[in-house]
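Each chain is listed here by its residues.
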Amino acid sequence: MDKSKRTAIIAGNWKMNKTPKEAKALLTELIPMVKDADCEVVACVPFVDLTVALEVTEGTNIKIGAENCHWEESGAYTGEISAKMLAEMGVPYVVLGHSERRQYFGETDETVNKRTKAALAAGLKPIVCVGELLWERECNITEEVIARQIKLDLFDISAEDVKKTVIAYEPVWAIGTGKTATADQAQEVCSFIRATLAKLYGEETAEAVTIQYGGSMNDGNCEELLSKVDVDGGLIGGASLVAAKFQPIVAAASK
Ligand code: PEP
């Protein structure tokens, strides 16, 4: 399948930024700037911003995502939000397994797998993040690390559901550091992810999956990164918090 047949997705990951009022202001500014985008535009926002974000973007081409979800539908999990709750609100996307959740909140491949299954069962589109630490890259085990994450995070998920899943390749050393992977490094790993998916789920499934790059993507480097054949979009942290910085990335993906 050629790249143009896959859905290009530019998704902002706002992390723990923007109050509901600030979210409304940012999305209101962004809506006219991306209205003609020829790619999927997603804003993944803090839980408390979801209601206002869905209201403000109703009838526009901006889709909303959450930044995590729990694997149970309900129960004694204080502070957690279930996929069913998000689905009932009308939230279409959810980021799972972000390296900050793995690093600070004890997220493991096992829990990412459980969350991914729950998200898919609730009809959400998961954006599953994978990526190596700097130390792992220096030890030359990037491919081992990525293959393990892909196998475990997607364990026991059908090929049909894998097609609905977005994979974000986010080298941990490039997130929020200003250090971007070169376009060739991003392509190399995104292509390896596709090859791993092909081995596990078949060529047709692998060719259908949207694979994003994330890690200090900005208006200066997005064009080169997004020109690569296996880079189908971006997961954007810092640059998604300012409309004027996010819009050029959407424009680059629309070319
Ligand atoms: C992210 O949070 O997923 C991310 C890629 O952040 P940044 O763009 O700030 O590196």
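Residues numbered from 1 in each chain as written. Predicted model: local features only at pLDDT ≥ 70, side-chain atom pairs only at ≥ 80, totals over all residues. Heavy atoms only, no water.

Enquirer: What should I look at first to understand the overall build of the chain in this one?
Expert: Within the chain, the secondary structure is distributed over 12 helices and 8 strands. For a compact globule of 255 residues, the expected C-alpha radius of gyration is about 18 Å, and the chain comes in at 17 Å, within 12% of that figure. C-alpha extents for the chain along the principal axes are approximately 45 × 45 × 35 Å. The long-range fraction of contacts in the chain, counting pairs at least 24 apart against all pairs at least 6 apart in sequence, stands at 73%. Of the side-chain charges in the chain, 27 are positive and 38 negative, and the distance between the mean point of each set is 1 Å. (Helix = DSSP H or I, 4+ residues; strand = E, 2+ residues; numbered from the N terminus. Rg over C-alpha atoms; globule rule 2.2 N^0.38 Å. Contact = heavy atoms within 4.5 Å. Lys, Arg positive; Asp, Glu negative; His and termini not counted. Charge placed at Lys NZ, Arg CZ, Asp CG, Glu CD.)

Enquirer: Sorry, what's going on with the packing of helix α5 (residues 109–121) against helix α7 (residues 142–153) here?
Expert: At a minimum axis distance of 8 Å, the contact between α5 and α7 shows a crossing angle of 45°. Between α5 and α7, the angle falls in the class oblique. Of α7, the residues touching α5 (which contributes Asp109, Val112, Asn113 and Thr116) are Arg148, Gln149, Leu152 and Asp153. For the contact of α5 with α7, a count of residues per class yields 2 nonpolar, 3 polar and 3 charged. (Axes fitted to C-alpha atoms, helices over the stretch in contact; angles between N-to-C directions. Parallel < 35°, antiparallel > 145°, perpendicular 65-115°, else oblique. Nonpolar A, V, L, I, M, F, W, Y, C, P; charged D, E, K, R; others polar.)

Enquirer: In this structure, what is going on with the pattern of salt bridges? I would like to understand it.
Expert: When their charged atoms lie close together, side chains carrying opposite charge are able to pair. Considering all chains together, one arrives at 20 salt bridges under this definition. Where Glu223 meets Lys255, a salt bridge forms, and the shortest distance between an N and an O atom there is 2.9 Å. A residue pair is termed long-range when its members are at least 10 positions apart, and Glu223 in helix α11 (residues 222–226) and Lys255 in the segment after α12 (243–254) qualify at 32 residues. We classify Lys255 as exposed; its relative accessible area is 73%. Taken together, the shared-partner salt bridges connect Arg6, Arg194, Glu207, Asp230 and Asp232 into one network. (Salt bridge = Lys/Arg side-chain N within 4 Å of Asp/Glu carboxyl O. Buried < 20%, exposed > 50% of the residue type's maximum accessible area, 1.4 Å probe, protein only.)

Enquirer: Explanation requested: the site of the ligand in the structure shown.
Expert: Near the ligand, the surroundings consist of 14 residues, among which Lys15, Glu170, Gly176, Ser216 and Gly237 are the closest. Here Gly237 contributes a backbone N or O atom positioned 2.8 Å from an oxygen atom of the ligand. If the ligand stood free it would expose 290 Å²; the protein chains cover 96% of that surface. (Near = heavy atom within 4 Å. Polar contact = N/O pair within 3.5 Å; in protein donor to acceptor, adjacent residues only side chain to side chain. Areas by Shrake-Rupley, 256 points an atom, 1.4 Å probe, with all protein chains shown as cover.)

Enquirer: How should I be thinking about helix α1 (residues 20–33) in this particular structure?
Expert: For an α-helix the count is 3.6 residues per turn, leaving residues at separations of three or four pointing the same way. Relative to the 20 Å expected for 14 residues at 1.5 Å per residue, α1 spans 20 Å between its end C-alpha atoms, a close match to the ideal helical length. By the burial criterion, the buried members of α1 are Ala23, Leu26, Leu27, Leu30 and Ile31. The buried residues of α1 occupy an angular sector of 140° when the element is viewed end-on, so they sit on one face. (Expected span 1.5 Å × (residues − 1). Arc of directions from axis to C-beta.)

Enquirer: Honestly, the packing of α1 against helix α2 (residues 50–57) in this entry has me stumped. Any pointers?
Expert: For any two helices packed against each other, one specifies the crossing angle of their axes together with the interaxial distance. Look at α1 against α2: their axes get within 9 Å of each other, and the N-to-C directions meet at 25°. In this view, α1 runs roughly parallel relative to α2, as classed from their interaxial angle. The handedness of the crossing between α1 and α2 is right-handed. Counted together, Pro20, Ala23, Lys24, Leu27, Thr28 and Ile31 of α1 and Val52, Ala53, Val56 and Thr57 of α2 form the full contact between these two elements. (Left-handed = near helix turned anticlockwise from the far one by under 90°.)

Enquirer: For this particular structure, what's the right way to read the state of the cysteines?
Expert: In protein structure, a disulfide is the covalent linkage between the sulfur atoms of two cysteines. Applying the stated criterion across every chain, the model contains 0 disulfides. With no disulfide partner, Cys44 has as its closest neighbouring cysteine sulfur the one in Cys129, 8.9 Å distant. (Disulfide = S-S within 2.5 Å.)

Enquirer: I would appreciate a short explanation of the side chain of Ser99 in the present structure.
Expert: With respect to the secondary-structure elements, Ser99 resides in helix α4 (residues 99–104). Residue classification places Ser99 among the buried residues on the basis of a relative accessible area of 10%. Residues contacting Ser99, with those up to four places away along its chain left out, are Val172 and Ile175.

Enquirer: Explanation requested: the nonpolar core in the structure shown.
Expert: Membership of the largest hydrophobic core comes to 70 residues, with the highest contact counts inside it found for Ile193 and Leu197. For Leu197, the residues in contact, after removing those within four places along its chain, are Ile150, Leu154, Val162, Gly202, Ala206, Val209 and Ile211. Core analysis: the next-biggest nonpolar cluster, separate from the first, contains 11 residues, Ile9, Tyr93, Ile127 and Leu235 among them. (Core = buried A, V, L, I, M, F, W, Y, C linked by side-chain atoms within 4.5 Å.)

Honestly, that's just the spatial picture; any functional story needs more than this.
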